[in-house]
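# Survey of secondary and tertiary structure
Listed below are the residues making up each chain.
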Amino acid sequence: MVVKEELKKLGLHFMVVDLGEVEIMEDISTETRDQLKIALLSSGLELMDNKRAVLIEKIKNAIIEMVHHTDEIIKVNFSNYLSDKLQHDYTYLANLFSEVQGTTIEQFVISHKIERIKELIIYGELNITEIAWKMNYSSVAHLSNQFKKVTGLSPSHFKQLKNKRRNPIEDI
(Lines give C-alpha, C1' and ligand atoms only; values in the text may rest on other atoms or scores of the structure.)
Protein backbone atom coordinates (compact mmCIF):
# COMPACT_ATOMS: atom_id res chain seq x y z
CA MET A 1 0.00 0.00 0.00
CA VAL A 2 2.88 2.35 0.81
CA VAL A 3 4.45 1.74 -2.60
CA LYS A 4 1.13 2.30 -4.40
CA GLU A 5 0.60 5.54 -2.47
CA GLU A 6 4.08 6.86 -3.34
CA LEU A 7 3.61 5.96 -7.01
CA LYS A 8 0.27 7.81 -7.08
CA LYS A 9 1.82 10.90 -5.43
CA LEU A 10 4.39 11.02 -8.22
CA GLY A 11 1.68 10.59 -10.86
CA LEU A 12 2.99 7.20 -11.98
CA HIS A 13 0.68 4.55 -13.35
CA PHE A 14 1.37 0.93 -12.49
CA MET A 15 0.13 -2.44 -13.68
CA VAL A 16 1.58 -4.61 -10.92
CA VAL A 17 2.67 -3.91 -7.37
CA ASP A 18 3.79 -7.17 -5.84
CA LEU A 19 6.22 -8.21 -3.12
CA GLY A 20 9.57 -6.86 -4.29
CA GLU A 21 8.33 -5.91 -7.74
CA VAL A 22 6.60 -2.98 -9.43
CA GLU A 23 5.67 -2.67 -13.09
CA ILE A 24 5.25 0.97 -14.11
CA MET A 25 3.45 1.80 -17.37
CA GLU A 26 5.57 4.78 -18.37
CA ASP A 27 9.29 5.50 -18.59
CA ILE A 28 10.42 7.56 -15.63
CA SER A 29 13.05 10.26 -15.49
CA THR A 30 16.12 10.06 -13.27
CA GLU A 31 14.63 12.86 -11.16
CA THR A 32 11.34 10.97 -10.64
CA ARG A 33 13.25 7.78 -9.87
CA ASP A 34 15.30 9.64 -7.24
CA GLN A 35 12.11 11.10 -5.72
CA LEU A 36 10.61 7.60 -5.54
CA LYS A 37 13.78 6.24 -3.97
CA ILE A 38 13.75 8.95 -1.25
CA ALA A 39 10.02 8.49 -0.59
CA LEU A 40 10.43 4.73 -0.22
CA LEU A 41 13.46 5.12 2.06
CA SER A 42 11.47 7.39 4.37
CA SER A 43 8.94 4.54 4.68
CA GLY A 44 11.65 1.99 5.44
CA LEU A 45 11.64 0.51 1.94
CA GLU A 46 14.39 0.37 -0.63
CA LEU A 47 14.36 0.84 -4.39
CA MET A 48 16.63 -1.78 -5.87
CA ASP A 49 18.24 -0.82 -9.15
CA ASN A 50 20.59 -3.74 -9.55
CA LYS A 51 18.98 -6.67 -11.37
CA ARG A 52 21.26 -9.13 -9.54
CA ALA A 53 20.18 -7.73 -6.16
CA VAL A 54 16.53 -7.98 -7.21
CA LEU A 55 17.02 -11.62 -8.21
CA ILE A 56 18.74 -12.40 -4.88
CA GLU A 57 15.76 -10.88 -3.03
CA LYS A 58 13.38 -12.96 -5.15
CA ILE A 59 15.34 -16.12 -4.25
CA LYS A 60 15.20 -15.25 -0.55
CA ASN A 61 11.50 -14.37 -0.69
CA ALA A 62 10.64 -17.60 -2.52
CA ILE A 63 12.48 -19.68 0.09
CA ILE A 64 10.96 -17.78 3.02
CA GLU A 65 7.50 -18.08 1.49
CA MET A 66 7.91 -21.83 1.01
CA VAL A 67 9.41 -22.56 4.42
CA HIS A 68 7.65 -20.11 6.71
CA HIS A 69 4.39 -19.06 5.06
CA THR A 70 2.84 -22.25 3.81
CA ASP A 71 0.96 -24.78 5.82
CA GLU A 72 1.29 -27.28 3.03
CA ILE A 73 3.75 -30.10 3.39
CA ILE A 74 6.99 -29.21 1.64
CA LYS A 75 7.29 -31.91 -1.01
CA VAL A 76 9.21 -30.05 -3.69
CA ASN A 77 12.83 -29.96 -4.61
CA PHE A 78 13.98 -26.38 -3.87
CA SER A 79 16.21 -26.23 -6.96
CA ASN A 80 13.29 -27.11 -9.26
CA TYR A 81 10.95 -24.80 -7.35
CA LEU A 82 13.32 -21.82 -7.65
CA SER A 83 14.10 -22.49 -11.33
CA ASP A 84 10.40 -22.71 -12.20
CA LYS A 85 9.34 -19.74 -10.08
CA LEU A 86 12.14 -17.39 -11.18
CA GLN A 87 12.54 -18.64 -14.76
CA HIS A 88 16.31 -19.09 -14.48
CA ASP A 89 18.63 -22.09 -14.55
CA TYR A 90 19.30 -23.26 -10.98
CA THR A 91 23.09 -23.31 -11.51
CA TYR A 92 22.98 -19.63 -12.44
CA LEU A 93 20.83 -18.83 -9.38
CA ALA A 94 23.07 -20.86 -7.07
CA ASN A 95 26.28 -19.26 -8.35
CA LEU A 96 24.85 -15.75 -8.16
CA PHE A 97 23.49 -16.33 -4.65
CA SER A 98 26.79 -17.73 -3.38
CA GLU A 99 28.79 -14.92 -4.96
CA VAL A 100 26.62 -12.14 -3.52
CA GLN A 101 25.58 -13.66 -0.17
CA GLY A 102 28.72 -15.59 0.73
CA THR A 103 26.64 -18.70 1.49
CA THR A 104 24.88 -21.30 -0.60
CA ILE A 105 21.18 -21.48 -1.33
CA GLU A 106 21.25 -24.88 0.38
CA GLN A 107 22.64 -23.38 3.61
CA PHE A 108 20.08 -20.56 3.43
CA VAL A 109 17.28 -23.12 3.04
CA ILE A 110 18.64 -25.24 5.91
CA SER A 111 18.87 -22.19 8.20
CA HIS A 112 15.29 -21.29 7.48
CA LYS A 113 14.05 -24.86 7.82
CA ILE A 114 15.74 -25.10 11.24
CA GLU A 115 14.08 -21.84 12.36
CA ARG A 116 10.72 -23.17 11.17
CA ILE A 117 11.35 -26.45 13.01
CA LYS A 118 12.14 -24.48 16.18
CA GLU A 119 8.84 -22.66 15.75
CA LEU A 120 6.92 -25.92 15.26
CA ILE A 121 8.61 -27.48 18.29
CA ILE A 122 7.76 -24.45 20.44
CA TYR A 123 4.12 -24.50 19.28
CA GLY A 124 3.98 -28.12 20.42
CA GLU A 125 1.18 -29.09 18.05
CA LEU A 126 3.25 -31.64 16.11
CA ASN A 127 5.66 -34.32 17.27
CA ILE A 128 9.13 -34.64 15.75
CA THR A 129 8.01 -37.35 13.31
CA GLU A 130 5.20 -35.13 12.01
CA ILE A 131 7.57 -32.15 11.77
CA ALA A 132 10.10 -34.24 9.81
CA TRP A 133 7.36 -35.28 7.39
CA LYS A 134 5.96 -31.74 7.08
CA MET A 135 9.41 -30.28 6.39
CA ASN A 136 10.25 -33.00 3.81
CA TYR A 137 13.03 -34.76 5.70
CA SER A 138 13.68 -38.35 4.68
CA SER A 139 13.66 -39.42 8.34
CA VAL A 140 13.54 -38.16 11.91
CA ALA A 141 17.25 -39.05 12.16
CA HIS A 142 18.05 -36.76 9.21
CA LEU A 143 16.11 -33.88 10.79
CA SER A 144 17.73 -34.52 14.19
CA ASN A 145 21.26 -34.63 12.74
CA GLN A 146 20.77 -31.43 10.77
CA PHE A 147 19.09 -29.69 13.72
CA LYS A 148 21.94 -30.66 16.04
CA LYS A 149 24.59 -29.59 13.50
CA VAL A 150 23.00 -26.12 13.23
CA THR A 151 21.87 -25.51 16.81
CA GLY A 152 24.16 -27.76 18.85
CA LEU A 153 21.07 -29.30 20.46
CA SER A 154 18.90 -32.28 19.70
CA PRO A 155 15.27 -31.40 18.90
CA SER A 156 14.14 -33.07 22.14
CA HIS A 157 16.67 -31.08 24.18
CA PHE A 158 15.56 -27.89 22.41
CA LYS A 159 11.95 -28.74 23.27
CA GLN A 160 12.93 -28.97 26.94
CA LEU A 161 14.50 -25.52 26.75
CA LYS A 162 11.39 -23.89 25.16
CA ASN A 163 12.58 -20.51 26.37
CA LYS A 164 15.48 -20.51 23.87
CA ARG A 165 14.94 -17.54 21.61
CA ARG A 166 14.39 -18.00 17.91
CA ASN A 167 16.30 -15.86 15.40
CA PRO A 168 14.28 -13.29 13.45
CA ILE A 169 13.98 -14.16 9.75
CA GLU A 170 15.88 -10.99 8.80
CA ASP A 171 18.93 -12.09 10.82
CA ILE A 172 19.37 -15.49 9.16
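A brief look at the structure comes next. The model shown is predicted, which means the values in this text are computed figures rather than measured ones.

Criteria and thresholds
- Residues numbered from 1 in each chain as written.
- Predicted model: local features only at pLDDT ≥ 70, side-chain atom pairs only at ≥ 80, totals over all residues.
- Heavy atoms only, no water.
- Helix = DSSP H or I, 4+ residues; strand = E, 2+ residues; numbered from the N terminus.
- Contact = heavy atoms within 4.5 Å.
- Areas by Shrake-Rupley, 256 points an atom, 1.4 Å probe, with all protein chains shown as cover.
- Lys, Arg positive; Asp, Glu negative; His and termini not counted.
- Charge placed at Lys NZ, Arg CZ, Asp CG, Glu CD.
- Buried < 20%, exposed > 50% of the residue type's maximum accessible area, 1.4 Å probe, protein only.
- Expected span 1.5 Å × (residues − 1).
- Arc of directions from axis to C-beta.
- Salt bridge = Lys/Arg side-chain N within 4 Å of Asp/Glu carboxyl O.
- Phe/Tyr/Trp six-rings, centres within 6.5 Å; stacked < 30°, edge-to-face > 60°.

### Some thoughts on the overall build of the protein chain
- Secondary structure assignment for the protein chain yields nine helices and two strands.
- Reading the helices (α) and strands (β) of the protein chain from amino to carboxyl end gives α-β-β-α-α-α-α-α-α-α-α.
- In terms of overall dimensions, the protein chain has C-alpha extents of about 55 × 35 × 30 Å along its principal axes.
- Put simply, of all contacts in the protein chain between residues at least 6 apart along the chain, 50% involve residues at least 24 apart.
- If you sum the accessible surface of the protein chain, you get close to 10,900 Å²; carbon and sulfur atoms cover 49% of it.
- When the 22 basic and 25 acidic side-chain charges of the protein chain are each reduced to a single mean position, those positions are 9 Å apart.

### Re the environment of V109
- Relative to the helices and strands, V109 resides in helix α6 (residues 105–123).
- Taking the relative accessible area as the measure of exposure, V109 reaches 7% and is therefore buried.
- Residues V109 and H69 lie 40 residues apart in sequence; the distance between their C-alpha atoms is 14 Å.
- Among all residues touching V109, those that are not within four sequence positions of it are I63 and F78.

### Observations concerning helix α2 (residues 30–42)
- Here α2 is 13 residues long and its end C-alpha atoms lie 18 Å apart, about the 18 Å a rise of 1.5 Å per residue gives.
- Listing the buried residues of α2 in full gives T32, L36, A39 and L40. End-on view of α2: buried residues confined to an arc of 95 degrees, all on one side of the axis. Across from the buried face of α2, at angles greater than 90 degrees, the exposed residues are T30, E31, I38, L41 and S42.
- Buried positions along α2 lie against α1 (2–9).
- Looking at the residues trailing α2, positive phi occurs at G44, about 85 degrees.

### Structural notes on the pattern of salt bridges
- All told, the structure shown has five salt bridges when counted by the stated rule.
- Among the ionic pairs, E115 bridges to K118, the shortest N-O distance being 2.9 Å. Of this pair, E115 and K118 both sit in helix α6, separated by three residues, roughly a single helical turn.
- The exposure class of K118 is buried, given its relative accessible area of 5%.
- Note that E119 is salt-bridged to R116, the shortest N-O span being 2.6 Å. One end of the pair, E119, and the other, R116, are both in helix α6, three residues apart, so they sit about a helical turn from each other.
- Under the relative-accessibility criterion, E119 is labelled buried at 12%.

### Notes on the environment of L86
- Within the secondary structure layout, L86 lies in helix α4 (residues 78–86).
- In this view, L86 contacts L55, K58, I59 and L93; residues no more than four positions away in its chain are not counted.

### Re the packing of aromatic side chains
- All chains considered together, the criterion is met by two aromatic pairs.
- An angle of 65 degrees between the planes, with centres 5.4 Å apart, marks the rings of F97 and F108 as edge-to-face. One end of the pair, F97, is in helix α5 (residues 90–101); the other, F108, is in helix α6, and eleven residues separate them in sequence. Accessibility classification places F97 together with F108 in one group, the buried group.

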